[in-house]
Amino acid sequence: MTGEAPGHKPQEGTPRKLSKRNGEALELVITTYTDGAASAQVIPVPDEIKRNLANALAHYASDTYQILAGQVDYSDPAYSTSPNGIDIDASVMSDFLDALADDEDSFGLVRNAILSQIENELEDLEKPDFLSEPRDEPGKPYLDAALGTAISSGTTVGELRRARLNALTRQHENNDETAKEALSEDYETFGFPRLRKLFQDRSNELGTAETNMGRERLENLLSEAAEAYSRSTGFKDKVAGAGPAPQLGARRGVRTGVAPYDSFGEG
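Residues numbered from 1 in each chain as written. Predicted model: local features only at pLDDT ≥ 70, side-chain atom pairs only at ≥ 80, totals over all residues. Heavy atoms only, no water.

Here the focus is the overall build of the chain. A count of helices and strands for the chain gives nine helices and zero strands. Tracing the chain from N to C terminus, the helices and strands come up as α-α-α-α-α-α-α-α-α. Out of the 267 residues in the chain, the part that is buried amounts to 45%. Roughly 13,700 Å² of accessible area belongs to the chain as shown, and the carbon and sulfur atoms make up 47% of that amount. (Helix = DSSP H or I, 4+ residues; strand = E, 2+ residues; numbered from the N terminus. Buried < 20%, exposed > 50% of the residue type's maximum accessible area, 1.4 Å probe, protein only. Areas by Shrake-Rupley, 256 points an atom, 1.4 Å probe, with all protein chains shown as cover.)

Enumeration according to the criterion identifies one cavity of 30 Å³ or more in this entry. Considered as a void within the structure, the largest cavity measures approximately 40 Å³ in volume. Looking at the largest cavity, the residues that line it are Arg111, Leu115, Val157, Leu160 and Phe190. Among the elements of the structure, helix H5 (104-123) and helix H6 (145-171) are those that each provide at least two residues to the lining of the largest cavity. A breakdown of the residues in the lining of the largest cavity according to their chemical character gives four nonpolar, no polar and one charged. (1 Å grid on protein atoms, 1.4 Å probe; cavity = no way out; pocket = protein on both sides within 12 Å on 5 of 7 lines; lining within 4 Å. Points joined across faces, edges and corners; volume = space filled by probe spheres on them. Nonpolar A, V, L, I, M, F, W, Y, C, P; charged D, E, K, R; others polar.)

With respect to the secondary-structure elements, lysine 180 resides in helix H7 (residues 176-190). Along the primary structure lysine 180 and threonine 169 are separated by 11 residues, whereas in three dimensions their C-alpha atoms are 9.0 Å apart.

Our next topic: the environment of methionine 93. Structurally, methionine 93 can be placed in helix H4 (residues 90-100). A sequence separation of 66 residues divides methionine 93 from glutamate 27, and the C-alpha atoms of the two residues are 9.7 Å apart. Ignoring any residue separated from it by four or fewer positions in sequence, one finds methionine 93 in contact with Ile30, Leu57, Thr64, Ile67, Leu68 and Ile88. (Contact = heavy atoms within 4.5 Å.)

Structural data, given as structure tokens:
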């Protein structure tokens with residue numbers, strides 16, 4: 001799937017284009033372990049290979065990020081991910097993440113790879129992007145790159161959080177206190193606070209956080225990212241007035257009395 005020995009780490013920075021055969025192998029593996037998900041008749045991923053599969057997916061971090069962001073259906077032949085043209089729908093990729101999410105170390109490889117992609121995307125944004133919305137010029141397509149990054153990153157980080165949140169809930173279903181502690185730690189490490197800090201750091205680097213206009217723009221971007229994040233996790237921001245948090249596992253049928261740690265308006 002990667003053209004490298006199992007366990008070989010992906011290169012830092014922009015993911016490289018791998019051979020078509022490698023990409024096809026990845027697609028085959030993903031579909032093999034997700035076929036039948038709708039009827040709960042999936043083939044479980046053996047524990048012994050979860051780390052290698054997660055590491056392989058990290059080599060396709062850019063493609064995976066685009067798929068999870070869900071702007072288009074990449075299983076449609078009309079669309080291709082960059083740089084490897086992976087033809088997988090977002091729901092199928094989500095099912096594959098569910099198959100890996102109970103292995104904390106393995107799943108962390110995927111999450112860190114995706115967060116690096118988000119950092120790269122933020123690095124491409126310049127000072128004007130963090131000061132105000134671009135003007136709508138007649139005859140030209142409207143493009144708000146910062147808003148696009150906010151929505152895509154919020155959606156993707158939320159989807160990864162959803163998968164891990166449900167895995168933790170299953171693992172600690174008989175111990176609410178342990179579940180709360182694990183969920184809280186995961187939220188702070190990989191949930192919305194991590195994404196919020198990436199945006200704040202970029203704003204600080206560009207010097208826009210020092211102006212009222214920049215602070216207002218940052219708040220708006222984070223609000224959009226938070227909304228996308230909550231849609232992916234299946235939870236609403238309690239601080240935003242959404243009322244009591246719903247049960248865990250809103251999208252995968254896992255139900256428990258443990259309250260989620262996704263009240264990302266706090267702090």
